[in-house]
Amino acid sequence: MIRIAAPLALIALPALALGLVLLRRGASRRDLLRYAELLLVLLALADPRLSVRDPRNHVVFLVDRSASVTRTAADHDVREAIDAVVATHPNWSYGVVSFGRTSDVDAPLGATPTVSSVSPDPTESDLISAVRLAVSLFPAGEAGQLVVLSDGRFSSDPTPAIAAAQLASVPIHVIPVGGPRSNDLRLSRFDGPREVSVGRTASFVADVASDTPGRATLALYRNAHLVEARPVDLTGPLDSFTFSDATSEPGFYEYRVVAKGEGDAVPENDARSLVVRTSDHPSVLLVDGRGDSALPALLQSIGVDFVRADAVPSLAALADYRQVVYAGQPLQDLAGPQVADLTQYVRSLGGGLLIVQGDREVRGFEAGPIESLLPVSFSVPEKGRSPSMAIVYLLDRSSSMKELAGDRAKIRVLREATIASLLLLPSETLVGIVAFYDSHDWIFPLQRLGDGTGAYRAVATLDAYGGTDLYYPLDDAVDQLIAADARVKHILLVSDGQTTEVGRDYPQLLRKLSEHTDITLSAIAVNRNPNVPFLRKLVDYGRGVLYFAADFVTLPQVTIQVTQRLTRSRFIDTDTAVAAAAGPFESLGAIPPVQGYVLTYPRSAASTLLWAGEDPLLSTWRTGLGAVTVLNVDLAGVWSREWLAWSGMPRLFERILGTTAPLVTATPGVDSQIAVGSSATTALFDVRTADGGFANFLTLSGSLVPTGRDIDAPQVAPGLYRARFSTPAEGAYALRVDEEGGSRSFAVPFSVPYPAEYESFGIDRATLARLAEATGGAFLEEGRKLEPIRSTHARLERPLFPALLGLALALFLLDLGLRRRAASRELRRSAPARSAD
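Residues numbered from 1 in each chain as written. Predicted model: local features only at pLDDT ≥ 70, side-chain atom pairs only at ≥ 80, totals over all residues. Heavy atoms only, no water.

Draft legend 1. Representation of the overall build of the protein within the structure. Looking only at helices and strands, the protein has 20 helices and 44 strands in total. Since a compact globule built from 837 residues should have a radius of gyration of about 28 Å, the 45 Å found for the protein marks it as more spread out than a globular shape. Taken over the C-alpha atoms alone, the protein extends approximately 185 × 70 × 60 Å along its principal axes. The buried share of the protein, reckoned over its 837 residues, is 48%. Of the contacts made within the protein by residues no fewer than 6 positions apart, 72% connect residues no fewer than 24 positions apart. Element-wise, carbon and sulfur atoms account for 54% of the exposed surface of the protein, whose accessible area totals about 37800 Å². Computed over 80 positive and 94 negative side-chain charges, the separation of the two mean positions in the protein equals 12 Å. (Helix = DSSP H or I, 4+ residues; strand = E, 2+ residues; numbered from the N terminus. Rg over C-alpha atoms; globule rule 2.2 N^0.38 Å. Buried < 20%, exposed > 50% of the residue type's maximum accessible area, 1.4 Å probe, protein only. Contact = heavy atoms within 4.5 Å. Areas by Shrake-Rupley, 256 points an atom, 1.4 Å probe, with all protein chains shown as cover. Lys, Arg positive; Asp, Glu negative; His and termini not counted. Charge placed at Lys NZ, Arg CZ, Asp CG, Glu CD.)

Draft legend 2. Fine view of the packing of helix 13 (residues 471-483) against helix 14 (residues 506-515). As a packed pair, helix 13 and helix 14 sit with axes 11 Å apart at the nearest point and diverge in direction by 25 degrees. Taken together, the axes of helix 13 and helix 14 are roughly parallel relative to one another. Crossing angle aside, the handedness with which helix 13 passes helix 14 is left-handed. Contacts between helix 13 and helix 14 involve Tyr471, Leu474, Asp475, Val478, Asp479 and Ile482 from the former and Tyr506, Gln508, Leu509, Lys512 and Leu513 from the latter. Looking at the contact of helix 13 with helix 14, its residues break down into seven nonpolar, one polar and three charged. (Axes fitted to C-alpha atoms, helices over the stretch in contact; angles between N-to-C directions. Parallel < 35°, antiparallel > 145°, perpendicular 65-115°, else oblique. Left-handed = near helix turned anticlockwise from the far one by under 90°. Nonpolar A, V, L, I, M, F, W, Y, C, P; charged D, E, K, R; others polar.)

Draft legend 3. Focus on a nonpolar patch on the surface. Taken together, Val41, Leu45, Phe801 and Leu805 make up a surface patch of nonpolar side chains, about 300 Å² in accessible area. Looking at the nonpolar patch, the elements with two or more residues in it are helix 2 (29-45) and helix 20 (801-836). Take Val41: it is sitting in helix 2. Residue Val41 is classed as partly exposed on the basis of its relative accessible area of 33%. (Patch = residues over 30% accessible without salt bridge, like charges linked within 9 Å, V, L, I, M, F, W, Y side chains within 5 Å. Salt bridge = Lys/Arg side-chain N within 4 Å of Asp/Glu carboxyl O.)

Draft legend 4. Layout of unusual backbone geometry. Looking along the chain, the bond that leaves Gly236 and enters Pro237 is cis, with omega of -10 degrees. Within the element layout of this structure, Pro237 appears in the loop between strand 12 (225-234) and strand 13 (238-245). One non-glycine residue, Phe697, lies in positive phi territory at about 60 degrees. Along the polypeptide, Phe697 turns up in the loop between strand 37 (680-687) and strand 38 (700-705).

Draft legend 5. Summary view of the pattern of salt bridges. Enumeration according to the criterion identifies 26 salt bridges in this entry. Note that Arg189 is salt-bridged to Asp207, the shortest N-O span being 2.7 Å. Remark: Asp207 occurs in strand 10 (residues 202-210) and Arg189 occurs in strand 8 (residues 185-191); sequence separation between them is 18 residues. On the accessibility criterion, Arg189 (32% relative accessible area) is partly exposed.

Draft legend 6. Representation of the packing of aromatic side chains. In total, this model carries ten aromatic pairs according to the counting rule given. With a centroid separation of 5.2 Å and an interplanar angle of 90 degrees, the aromatic rings of Tyr506 and Phe534 are classed as edge-to-face. Here Phe534 lies in helix 15 (residues 532-541) and Tyr506 lies in helix 14, a separation of 28 residues in the sequence. For Tyr506, a relative accessible area of 6% translates into the label buried. (Phe/Tyr/Trp six-rings, centres within 6.5 Å; stacked < 30°, edge-to-face > 60°.)

Draft legend 7. Up close: the packing of helix 6 (residues 159-167) against helix 19 (residues 765-775). Where helix 6 contacts helix 19, the axes come no closer than 9 Å and their chain directions differ by 25 degrees. Here helix 6 lies roughly parallel to helix 19, going by the angle between them. Between helix 6 and helix 19 lies a crossing of right-handed hand. Listed contacts from helix 19 to Thr159, Ile162, Ala165 and Gln166 of helix 6 are Arg770, Leu771, Ala774 and Thr775. Of the residues in the contact of helix 6 with helix 19, the class split is four nonpolar, three polar and one charged.

Draft legend 8. Spotlight on helix 5 (residues 127-137). All buried positions along helix 5 are accounted for by Leu127, Ile128, Ala130, Val131 and Ala134. Along the long axis of helix 5, the arc covered by the buried residues comes to 160 degrees, so they all point the same way. Summarising the geometry of helix 5, the exposed residues directed more than 90 degrees from the buried face are Arg132 and Ser136. (Arc of directions from axis to C-beta.)

Draft legend 9. The arrangement of the nonpolar core in detail. Residues Ile524, Leu555, Trp643 and Leu652 are the most contacted members of the largest nonpolar core, which totals 101 residues. Excluding its chain neighbours within four sequence positions, the residues that come into contact with Trp643 are Val578, Ile591, Pro592, Pro593, Val594, Leu610, Leu617, Leu631, Val633, Leu635, Met649 and Leu652. Judged by nonpolar contacts, the second largest core, of 28 residues, contains Tyr471, Leu474, Ala477 and Val478. (Core = buried A, V, L, I, M, F, W, Y, C linked by side-chain atoms within 4.5 Å.)

Draft legend 10. Highlighting the pairing of strand 19 (residues 352-356). When you tally the buried positions in strand 19, you get five out of five residues, the bulk of the element. Residues Gly352, Leu354 and Val356 line one face of strand 19 and the alternating positions Leu353 and Ile355 line the opposite face, and both faces are buried. Direction of pairing for strand 18 (residues 323-327) relative to strand 19: parallel, over a ladder of four bridges. When the sheet's bridge partners are listed, Val325 is paired in strand 19 with Leu354. Remark: the strand 18/helix 9 (residues 336-347)/strand 19 crossover connection has right-handed handedness. Two elements, strand 19 and strand 35 (residues 626-631), share five bridges in a ladder whose sense is parallel. The residue bridging Gly352 from the neighbouring strand is Ala627, located in strand 35. (Pairing = 2+ DSSP bridges. Right-handed = clockwise from strand over helix to strand, strands pointing away.)

Draft legend 11. Region of the structure containing the pairing of strand 15 (residues 271-279). Of all the nine residues making up strand 15, eight are buried; the element is thus mostly covered by neighbouring parts of the structure. In terms of strand pairing, strand 9 (residues 195-197) meets strand 15 through three bridges, oriented parallel. Bridge assignment links Val196 to a residue of strand 15, and that residue is Thr278.

Draft legend 12. Structural view of the environment of Ala605. Relative to the elements of secondary structure, Ala605 occurs in the loop between strand 32 (601-602) and strand 33 (607-612). The class of Ala605 is exposed, set by a relative accessible area of 57%. The sequence separation of Ala605 and Leu374 amounts to 231 residues, and the corresponding C-alpha distance is 11 Å.

Draft legend 13. Structural view of helix 6. By the burial criterion, the buried members of helix 6 are Ala161, Ile162, Ala164 and Ala165. With its buried residues spanning 160 degrees around the axis, helix 6 presents them on a single face. Lining the buried residues of helix 6 we find helix 5, strand 7 (172-176) and helix 19. Backbone geometry just downstream of helix 6 places Ser169 in the positive-phi region, at approximately 55 degrees.

Draft legend 14. Representation of the sheet that holds strand 25 (residues 440-448). The six strands lie next to each other as 25-24-21-26-27-28, forming an open sheet whose pairing is mixed. At either margin of the open sheet sits one strand with a lone partner, and together these are strand 25 and strand 28 (546-549). Taking each pair of neighbouring strands and ignoring which way they run, the sheet shows an average axis angle of 15 degrees. Pairing of strand 24 (residues 430-436) with strand 25, which is carried by six bridges, proceeds in the antiparallel orientation. Counterpart to Phe436 in the pairing with strand 25 is His440. Helix 11 (residues 410-422) contacts strand 21 (389-396), strand 24 and strand 26 (488-495) of the sheet and is inclined by roughly 175 degrees relative to strand 21.

Here you go:
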């Protein structure tokens, strides 16, 4: 294909063609030759170019100069790898781009492929900028290939780099360089509280990763003050160590832990920092309605300042505290506004909530809004382990049940109420049904409910006759439940309590009922004149609840309500061993058993740290910015006698309370989030008004502590303000923010870790393979060579200007020669004529 670069030069062609046509008949050969010369000159001036496929190959080496490579691969190894590729195709065109945090051209295309001795910032490996720079080096429309020499540990997802190469139709080949770093001692984690009370001991955990066992020294600094230097033995690959410290003045403190080992190859990853704020304001609010628990003494024993309240206060009051401990009050007494405030306190303000629940906190509790905030549920999960529960119905079938309740007989209403209750029970439940009058019958002996068919048929046959004697059926039911293999056992009595007591040893029966604390007895008092004192005594000894159905027609609704409570609020009243899951409770050693606990079921996102047999005793989870922990045992001595007598109880409670320690420093009405990037840090502040609306048009500014750098936070969305600033060096900082002309002022601590390049070493072959496969490249290992590529889009234009001018010159010289020859002939002819004259 020929392209005319200067087509305006061809304007004279029509005139030249016209002249040739007019002179065609009378033109001599020399005239035609001159026309040909002129035509060639015009064509040469038009600059015609012949387009052909480009036979050349261009290769750019991308050399990873980040720390994870330079600390594990020698420079001469990289040069040898480049030289090996060049040696297979010495006539190709090569270039070199070095990349780390930035990218630089070490050798442009066509130059000798050498790697500069001056490396980019090694704290990152930014592949995308390197690929874009390398692709820009290729001549427009010409074919090229990239060869990446790296360990594959890039600072970000390589997907954008792959997309850039695919868009340019450039394959990426890979040569693995680097490897594991031996004799590296690394601080992989440093955790601790973000806020503590003045004078209270704060615990810090440092995790040290090491390649080989050995000795090292760990040092903890508070600001510039050495708190502790400790020689430690490292067993590898990960060892954890705990430090503690307390401050006497409020303020912000930078805690920094440093690890030093002999011959450590990478000192850049030996330190980590965090900021801790100390406050002289009490950090814990104890909501203890009855005030008879051991919680005040436990809080004092671990040095925690607290304020006691009888009820949950407003959100504004809650915001003054880092943690709330709730105990001594029934959960069902928590009103909707109180639950809403607790939810906001935990999820939006980052507060911690510890609920200590025993019998009195949970008894009678049904589903309520507080349950959605808890890491446990009181309901049997649809999938998972079903509880072992036994329930015996004691149904009064005396002659009084023949009376009408509305337009139906009371015995019929009793049958309907019993069946409605049975429908609510899981199929695994052990169920027994006793119908009593002067005597009693087990119309459905104690057994698994199954699909309920047998129990429904038994209840359907229930009729009314005889008098009322409750003693023997109740005694029989207690004996049956004592022998039953179930963890939770209930008796549900439906009667007016009008029974004979003559000759019946009720005191002995009640003692037996009270001794077997795993059995509870609840009663539904029917009719308008029930024997309330008698029924009340029964439920008191049976640790149950007395319900009323004065209007017999309402019995089914009352029975359903009672059954729901029985299946949701369950208690285990036996000595049970306590086991600790892996974590902070293991170091306490053997934990004494509990004498009872509330039966709950952990949610899928919760962590259970203490177990009572197969059941959760201490469960926790993080929800929103805060944390909620539930302890399923009272701390008033009912189920916790051995715990409270144990010398290790303060340490146990300190760890329990620590599960709700806030991870952030919260401010009422402000939700802060900080994202620390390798080059830039972004802070977002969600600011709300007192009624929860967006706080707009504020002027927020502040400074970075301790550098003093000024920070602006303009509004970017309703109630949302954003501050962006370059990421400071590794260390601990706090962002202090103030509202101009307003009352808001808050500080957000954050830490900058050492660069990820020092986090791990070794070749990531999976990432390198992804680069090659996604772009059509290959691993250049084991003698595999680069193959030439021919792009159908890469063309070369060869100019025809020199050839056309050369040909025109040749014709001109030929024309000149012909003219001289003709002139010579003419002279020879004319010479004799002149002689004759």
